[in-house]
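# An overview of the molecular structure
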Amino acid sequence: MIALPFSRLAMTSSLHTRIRLLVGTLALGTAFGCGGPEHGAPPPNTPATTGVTPPNDNGPGDDMPIVEAPTPPKATGNPFDGVKLWVDPESLAMLRSKALMASQPENAKLIHDKIAVYPQALWLGEWNRNVYRKVRFVVDLAAQENSLPIFVAYNVPGRDCGSESAGGLKTGDMYKRWIRQIAAGIGDRAAVMILEPDALGLLDKPDAAHPDKPCLTPEQQEERLNLIHDAVKVLRQNPKTIVYVDGAHSKWAPVDVISDRLKRAGVLDANGFAINTSNYRSNEELIPYGKAVSAKLGGVHFVVDTSRNGKGPLDVEWCNPAGRKLGLPPNTKTGDPLIDAYLWLKRPGESDGACNGGPKAGEFWDERAIDLAK
C-alpha cells in the first residue's frame, strides 16, 4: 500500500527558534509499518517564510538530542476551511500522462484529467534520502501557490509486519529524530500530516511464522502508540501543521478497539483521525463507522480517503482488486461538521503491491489507472 516518493524553505521568526529547540539544535533537555491484508483558499493568512534551501543545508542531524514536545493546544473547528489543496506537478500520474501523450493520447488525457490534476498526498518513508530537504522543498512549492500540501508519514518501526509494504525505521529513537526532521522541514509553513497508515490496525497482527503470537510484542505495541503520540505533539508545535492519526477502516477494527488505540496514540492532541487510507470501503459504510469512533472520542473530527472507493470493495481484497472506480474528488466542503475533508491519500494508479498482476508497491500501473479513471 506504500506510495513511493517523488523534495526549500528558509525558516525565520520565533517559530523557527521553537522548532530548532524542539529538534535539539538548542537543547533544552532530553526526553526520554504496516500495510497488510486489512488496509486497503490559502492557508492561514500570516506571513510565510521564503527562500530556497541552501545546498549545504541538510537539516537536523541523525544524532540530534531528542527534546520532548509539550502538549499542543486543543484543536477546534475544521482546519481545511477556506484552503486550497496543493497539486503535485511531478506526481507519477502527471509524468505518465505526459509520457503517453504521443503514443496513447486518449489514455494520456484520461490519466491527466481524471487523476493527475487532483490534489493527492505525498508519502514519506525510508526512500527519502533526506526527509528534511524533501519536505522543505514541497512546502516551499506549495506556499508559492498559496496552497496546502498533504503528507503521509509511513516509517514506524515494524511497519507492515513483513507484508507487501514491509519496512520502517529500526528503532524508536530513529523514528523520533525522523519526525523532528520533518517538523523542521515544514518550519512555519502550512501542511497536513497523516500519521502511519496501518500502524494501529495491525497493532496485534499475528506473526506470519508464529500465528499464535503477535507480530509485535506487548512492549513494541506500547512503543508504537507512544511514538505516534510523540509525533502528534512534535508536529503540532507549528499551529499551521494539521495532524490526523490513521484509524483503519470499517471492516478492519471494531469501533471500541480502534477508538481505544487512537486515544492511546494521542488523537486527542491531534486534529483528528483518518479512515480508509489506501482501501476501497464505500462512504456508505465508512461515514457511520467514523461517526461511531468519533462519538467514543468525544466528537473528534475525521477525514476519509476516497481515492479509490467509488465502487466500494471487491469482497475483502485489499491488494489491486480489479474493477474499482475513483471516489469523490478531494473536497474540503463536506457538509458534515465531523468530516473535515474527503482526501486522496493513496495516489490512484500506484500499485498496492506485487499482487493480482500489479508491479511492486508504489509503482505506477497504467492499466489499473485507466480502469479506475474510466
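Because the structure is a prediction, the values reported are computed rather than measured. (Residues numbered from 1 in each chain as written. Predicted model: local features only at pLDDT ≥ 70, side-chain atom pairs only at ≥ 80, totals over all residues. Heavy atoms only, no water.)

Here the focus is the overall build of the protein. On a plain count of helices and strands, the protein comes out with nine helices and seven strands. Considering the protein as a whole, with its 374 residues, one finds that 58% of them fall into the buried category. Carbon together with sulfur atoms contributes 53% to the accessible area of the protein, which is approximately 14,800 Å² in total. (Helix = DSSP H or I, 4+ residues; strand = E, 2+ residues; numbered from the N terminus. Buried < 20%, exposed > 50% of the residue type's maximum accessible area, 1.4 Å probe, protein only. Areas by Shrake-Rupley, 256 points an atom, 1.4 Å probe, with all protein chains shown as cover.)

Across all of its chains, the model carries one disulfide by this definition. One disulfide bridge connects Cys319 with Cys355, the sulfur atoms lying 1.6 Å from each other. Because the torsion about its S-S bond is -70°, the bridge between Cys319 and Cys355 counts as left-handed. With Cys319 in the loop between β6 (301-305) and β7 (339-343) and Cys355 in the loop between β7 and α9 (366-373), this residue pair connects regions lying 36 residues apart in the sequence. Cys355 shares its class with Cys319; the two are buried. (Disulfide = S-S within 2.5 Å.)

Low pLDDT marks stretches whose predicted atomic positions should not be read closely. With 85% of its residues at a pLDDT of 70 or more, the protein has an overall mean of 87. Confidence drops under pLDDT 50 across residues 1-51; counting only partners more than four residues distant or on other chains, this segment forms 186 contacts. (pLDDT = per-residue confidence, 0-100. Contact = heavy atoms within 4.5 Å.)

Next up on the list: the pairing of strand β4 (residues 241-246). When you tally the buried positions in β4, you get six out of six residues, the bulk of the element. With burial as the criterion, each face of β4 is covered, one bearing Thr241, Val243 and Val245 and the other bearing Ile242, Tyr244 and Asp246. Since strand β3 (residues 191-195) and β4 lie parallel, the crossover through helix α6 (residues 218-235) that links them has a hand, and here it is right-handed. As paired elements, β4 and strand β5 (residues 272-275) share three bridges and run parallel to each other. (Right-handed = clockwise from strand over helix to strand, strands pointing away. Pairing = 2+ DSSP bridges.)

With that settled, the discussion passes to the side chain of Thr332. Mapped onto the elements, Thr332 comes out in the loop between β6 and β7. Residue classification places Thr332 among the buried residues on the basis of a relative accessible area of 18%. Those residues in contact with Thr332 that sit more than four places away from it in its chain are Asn78, Phe80, Val83, Leu85, Asp340 and Ala341.

Counted under the stated rule, the structure contains five aromatic pairs. With 6.1 Å between their ring centres and 15° between their planes, Phe80 and Tyr244 make a pair best called stacked. On the criterion of sequence distance, the pair formed by Phe80 in the loop between α1 (13-23) and α2 (92-99) and Tyr244 in strand β4 is long-range, its members being 164 residues apart. The pair formed by Phe80 and Tyr244 is uniform in burial state, with each residue classed as buried. (Phe/Tyr/Trp six-rings, centres within 6.5 Å; stacked < 30°, edge-to-face > 60°.)

Turning to the nonpolar core, a few remarks are in order. Formed by 59 residues in total, the largest nonpolar core has its most connected members in Ile182 and Leu195. A total of seven residues in this core trace back to one element, the largest contributor, which is α6. Leave out the neighbours within four places in its chain, and Ile182 touches Leu124, Val131, Val135, Met193 and Leu235. (Core = buried A, V, L, I, M, F, W, Y, C linked by side-chain atoms within 4.5 Å.)

Right, let's talk about helix α5 (residues 172-186) for a bit. The first and last C-alpha atoms of α5 sit 21 Å apart over 15 residues, in line with the 21 Å expected at 1.5 Å per residue. At the exit of α5 stands Gly187, carrying a positive phi of roughly 60°. (Expected span 1.5 Å × (residues − 1).)

Moving on to the environment of Val257. Within the secondary structure, Val257 is located in helix α7 (residues 255-264). With a relative accessible area of 31%, Val257 lands in the partly exposed category. The spacing of Val257 and Gly201 is 56 residues in sequence and 9.2 Å in space, taken between C-alpha atoms.

Turning to empty space enclosed by the protein, a few remarks are in order. In this structure, the largest cavity encloses a volume near 40 Å³. Lining the largest cavity, in full, are Arg308, Asn320, Gly349, Glu350, Ser351, Asp352, Trp365, Arg368 and Leu372. Each residue belonging to the lining of the largest cavity can be placed in one class, and the counts come to two nonpolar, three polar and four charged. (1 Å grid on protein atoms, 1.4 Å probe; cavity = no way out; pocket = protein on both sides within 12 Å on 5 of 7 lines; lining within 4 Å. Points joined across faces, edges and corners; volume = space filled by probe spheres on them. Nonpolar A, V, L, I, M, F, W, Y, C, P; charged D, E, K, R; others polar.)

On to the side chain of Asn276, then. Of note, Asn276 is situated in the loop between β5 and α8 (283-296). Under the relative-accessibility criterion, Asn276 is labelled buried at 0%. In contact with Asn276, other than residues within four places in its own chain, are Ala248, His249, Arg281, Leu286, Asp305 and Asn309.

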